[in-house]
Amino acid sequence: MARGGREGRGGQGLARVAVVVRAGAAPLWWLGVVAAGAGAAWPGLTGRRIGVSAGAALFLVSAAVVACSRRRRYTALARAASRAGRHDVLQDRAVSVRAWRRGHRWWLLLAFVAALGSSFAVPAAGGMLLAGAGTGLRLKAAWLGRRERADDVLLWVRVDWLGRYGGRPAGPAVKGYRSTGIAAGDAAPGGARRRTAALV
């Protein structure tokens, strides 16, 4: 089974599902933290105490919603996953992460500006909402990792089904997942960087 970012000899380019899910976690978290910290510098219309309290509630809600959304769809796709072919190309973790972040860079910027702007009304709340979304993505990736370990497989999705933004690994364009052994690729179950990359 080949490894890299291109398709070869009739195979398909495959990206790790958990890596794509996890790709937005860090930028959303850090942009949210920065926006919340900057927003707490002024009292806004509601005052800092109300703003931070509302932000904490938004953090918990957004983390829960993002972490739990579309789990049935992920589960159904995982159950029906077919074995990856020998000519399928396993995309490196860094390539998948870079594709997601490049495709979503303007959305991230707009979300950051909106979070900062909302701080004039409710200090820190918008930033904490963003940070909660990032936390939810990390929790969802961890849930996928637990499923991968339990089934002793890694889950992959065709790159061309991810669309121009490199995201939505459970979107309507995705017709099914592929599976490999647990040691394939350079990302561990859940999408984190593998300490020692293994080739399969």
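Residues numbered from 1 in each chain as written. Predicted model: local features only at pLDDT ≥ 70, side-chain atom pairs only at ≥ 80, totals over all residues. Heavy atoms only, no water.

Things to note about the packing of aromatic side chains
Selection criterion: Between the rings of Phe, Tyr and Trp (Trp by its six-membered ring), a pair exists once the centres lie within 6.5 Å; its type follows the angle of the planes, with under 30 degrees stacked, over 60 edge-to-face, and the other angles tilted. Helical segments are the DSSP runs of H or I of at least four residues, strand segments are the runs of E of at least two, and each set is numbered from the N terminus. Buried means the residue's accessible area, taken with a 1.4 Å probe over protein chains only, is under 20% of the maximum for its type, while exposed means over 50%, and partly exposed covers the values in between. By definition, being over a ring means that NZ of Lys or CZ of Arg is both within 6 Å of the ring centre and within 35 degrees of the ring normal.
One pass over the structure, following the stated rule, counts 2 aromatic pairs. Residues Trp 29 and Phe 59 carry aromatic rings whose centres are separated by 6.5 Å and whose planes lie at 70° to one another, so their mutual orientation is edge-to-face. With a gap of 30 residues between them, Trp 29 in helix α2 (residues 25-39) and Phe 59 in helix α3 (residues 48-68) connect regions that are remote in the sequence. Look at Phe 59 and you get partly exposed, because its relative accessible area is 21%. With centroids separated by 6.4 Å and ring planes inclined at 85°, the aromatic side chains of Tyr 74 and Trp 143 adopt a geometry described as edge-to-face. On the criterion of sequence distance, the pair formed by Tyr 74 in helix α4 (residues 71-79) and Trp 143 in helix α7 (residues 125-151) is long-range, its members being 69 residues apart. Of the two residues examined, Tyr 74 and Trp 143, each falls in the buried class. The ring of Trp 156 carries Arg 16 above its face, with NZ or CZ at 5.7 Å from the centroid.

A look at the environment of Gln 91
We count it as follows: N or O atoms within 3.5 Å of each other form a polar contact, as long as, within protein, one can give a hydrogen and the other can take it, and as long as residues adjacent in sequence are counted only when both atoms are side-chain atoms.
Considering the arrangement of structural elements, one finds Gln 91 in the loop between β4 (89-90) and α5 (93-103). For Gln 91, a relative accessible area of 9% translates into the label buried. Placed 79 residues apart in sequence, Gln 91 and Gln 12 show a C-alpha to C-alpha distance of 9.9 Å. At a separation of 2.6 Å, a polar atom in the side chain of Gln 91 contacts the side chain of Ser 96.

Looking at the nonpolar core
For clarity, the cut-off: Joining through side-chain atoms within 4.5 Å is the link that ties buried Ala, Val, Leu, Ile, Met, Phe, Trp, Tyr and Cys residues into a set, and such a set is a nonpolar core. A contact between two residues is defined here by any heavy atoms of the two lying within 4.5 Å.
Among the nonpolar cores identified, the biggest contains 32 residues, and Val 17, Tyr 74, Leu 144 and Tyr 177 are the most heavily contacted of them. Listed by contribution, the elements that provide at least two residues to this core are α1 (17-22), α2, α4, α5, α6 (105-118), α7 and β5 (154-158). With 6 residues, the top contributor of residues to this core is α7. Residues within four places of Val 17 in sequence aside, it is in contact with Tyr 74, Leu 144, Leu 155, Trp 156, Val 157, Pro 169 and Tyr 177. Ranked by size, the runner-up nonpolar core spans 6 residues in total, among them Ala 84, Leu 90, Trp 156 and Ala 184.

Considerations on unusual backbone geometry
Of note in the backbone geometry, Arg 70 takes a positive phi value of approximately 60° without being a glycine. Overall, Arg 70 belongs to the partly exposed group, its relative accessible area being 43%.

Describing a nonpolar patch on the surface
Convention followed: Residues forming no salt bridge and having over 30% relative accessible area are the ones grouped into patches, like charges within 9 Å of each other and nonpolar side chains (Val, Leu, Ile, Met, Phe, Trp, Tyr) within 5 Å. Each accessible area value is a Shrake-Rupley result obtained with a 1.4 Å probe; residue values ignore everything except the protein chains displayed when judging cover. The salt bridge criterion pairs a side-chain nitrogen of Lys or Arg with a carboxyl oxygen of Asp or Glu, the two atoms within 4 Å.
Side chains of Trp 29, Trp 30 and Val 33 sit close together on the surface and give an oily, nonpolar patch of about 310 Å² of accessible area. Mapped onto the fold, Trp 30 is located in helix α2.

Points about the side chain of Arg 178
Mapping Arg 178 onto the fold places it in strand β6 (residues 178-180). Take Arg 178: its relative accessible area is 19%, and that puts it in the buried class. Within the structure, the side chain of Arg 178 is placed 2.7 Å from the side chain of Asp 88, a separation counted as a polar contact. Residues contacting Arg 178, with those up to four places away along its chain left out, are Gln 12, Leu 14, Ala 81, Ser 82, Arg 83, Ala 84, Asp 88, Leu 154, Leu 155, Trp 156 and Arg 158.

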